[in-house]
Amino acid sequence: TECPPSMYMLSVEYFSKQCATGIKDKLSEGKRQQPENVGIRYSFDIVKRAVHMYGNPFDNAVAMFYNTLKAYERDGKQWQYSNDKEGFKEWC
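Residues numbered from 1 in each chain as written. Predicted model: local features only at pLDDT ≥ 70, side-chain atom pairs only at ≥ 80, totals over all residues. Heavy atoms only, no water.

Draft legend 1. Inspection of the overall build of the protein chain at higher detail. Looking only at helices and strands, one finds 3 helices and 2 strands in the protein chain. In sequence order, the protein chain lays out its α and β elements as α-β-β-α-α. Taking 2.2 N^0.38 as the reference for a compact globule, 92 residues should give roughly 12 Å; the C-alpha atoms of the protein chain span a radius of gyration of 19 Å, well beyond that estimate. Out of the 92 residues in the protein chain, the part that is buried amounts to 14%. Pairs at least 24 apart in sequence give 31% of the contacts found in the protein chain among residues at least 6 apart. Per element, the accessible surface of the protein chain, about 8200 Å² overall, is 52% carbon and sulfur. The averaged location of the 12 negative side-chain charges in the protein chain is 9 Å from the averaged location of its 13 positive side-chain charges. (Helix = DSSP H or I, 4+ residues; strand = E, 2+ residues; numbered from the N terminus. Rg over C-alpha atoms; globule rule 2.2 N^0.38 Å. Buried < 20%, exposed > 50% of the residue type's maximum accessible area, 1.4 Å probe, protein only. Contact = heavy atoms within 4.5 Å. Areas by Shrake-Rupley, 256 points an atom, 1.4 Å probe, with all protein chains shown as cover. Lys, Arg positive; Asp, Glu negative; His and termini not counted. Charge placed at Lys NZ, Arg CZ, Asp CG, Glu CD.)

Draft legend 2. Looking closely at the pattern of salt bridges. In total, this model carries 1 salt bridge according to the counting rule given. The partner of Arg74 in a salt bridge is Asp75, with the nearest N and O atoms 3.7 Å apart. Arg74 sits in the exposed class, given a relative accessible area of 65%. (Salt bridge = Lys/Arg side-chain N within 4 Å of Asp/Glu carboxyl O.)

Draft legend 3. Spotlight on the packing of aromatic side chains. For the structure on display, the rule yields 7 aromatic pairs. Their ring planes at 35° and their centres at 6.1 Å tell us that Phe88 and Trp91 sit as a pair that is tilted. With Phe88 and Trp91 both in helix α3 (residues 85-91) and 3 residues apart, this pair spans about one turn of that helix. On the basis of relative accessibility, which here comes to 19%, the residue Phe88 falls in the buried class. For Trp91, a relative accessible area of 4% gives the class buried. Each residue in the set Phe65, Tyr66, Tyr72, Trp79, Tyr81, Phe88 and Trp91 is aromatic and connected to the rest through ring pairs, giving one cluster. The ring centre of Tyr72 lies 5.6 Å from the NZ or CZ of Lys77, which sits over that ring. (Phe/Tyr/Trp six-rings, centres within 6.5 Å; stacked < 30°, edge-to-face > 60°. Lys NZ or Arg CZ within 6 Å of the ring centre and 35° of its normal.)

Draft legend 4. Fine view of the nonpolar core. Ala61, Phe65, Leu69, Trp79, Tyr81, Phe88 and Trp91 together form the largest nonpolar core, which totals 7 residues. Those elements that place two or more of their residues in this core are α2 (57-74) and α3. (Core = buried A, V, L, I, M, F, W, Y, C linked by side-chain atoms within 4.5 Å.)

Draft legend 5. Structural detail: α2. The first and last C-alpha atoms of α2 sit 26 Å apart over 18 residues, in line with the 26 Å expected at 1.5 Å per residue. If you follow the buried residues of α2, they end up packed against α3. Directly beyond the C-terminal end of α2, a positive phi value near 70° is found at Gly76. (Expected span 1.5 Å × (residues − 1).)

Draft legend 6. Representation of the layout of surface pockets. Size it by volume and the largest pocket reaches roughly 300 Å³. Every residue lining the largest pocket is counted, 14 residues in all, and those nearest its centre are Tyr8, His52, Met53, Tyr54 and Asn60. Secondary structure elements with two or more residues in the lining of the largest pocket: α1 (12-19) and α2. Looking at side-chain class alone, the lining of the largest pocket contains 9 nonpolar, 5 polar and no charged residues. (1 Å grid on protein atoms, 1.4 Å probe; cavity = no way out; pocket = protein on both sides within 12 Å on 5 of 7 lines; lining within 4 Å. Points joined across faces, edges and corners; volume = space filled by probe spheres on them. Nonpolar A, V, L, I, M, F, W, Y, C, P; charged D, E, K, R; others polar.)

Shown next as structure tokens:
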């Protein structure tokens, strides 16, 4: 299937690593300083608390269905599923 539950299951190590990862804005060098995103990793020692927000996993699956559909349309590819409940069931 396109959306197995294993896609949403993270190891403690991976989750911890991701909690200490972020993006910050930095001005590019040169005459035309433009803001750009830079990936950063915080020291896990400074993390005192973490909030893990839970959502309905089916919302993620539905969003993935629509995002994949949009990507196919953008790339001019043929989408083989109908854009309704039945198409979602076939896809997933």
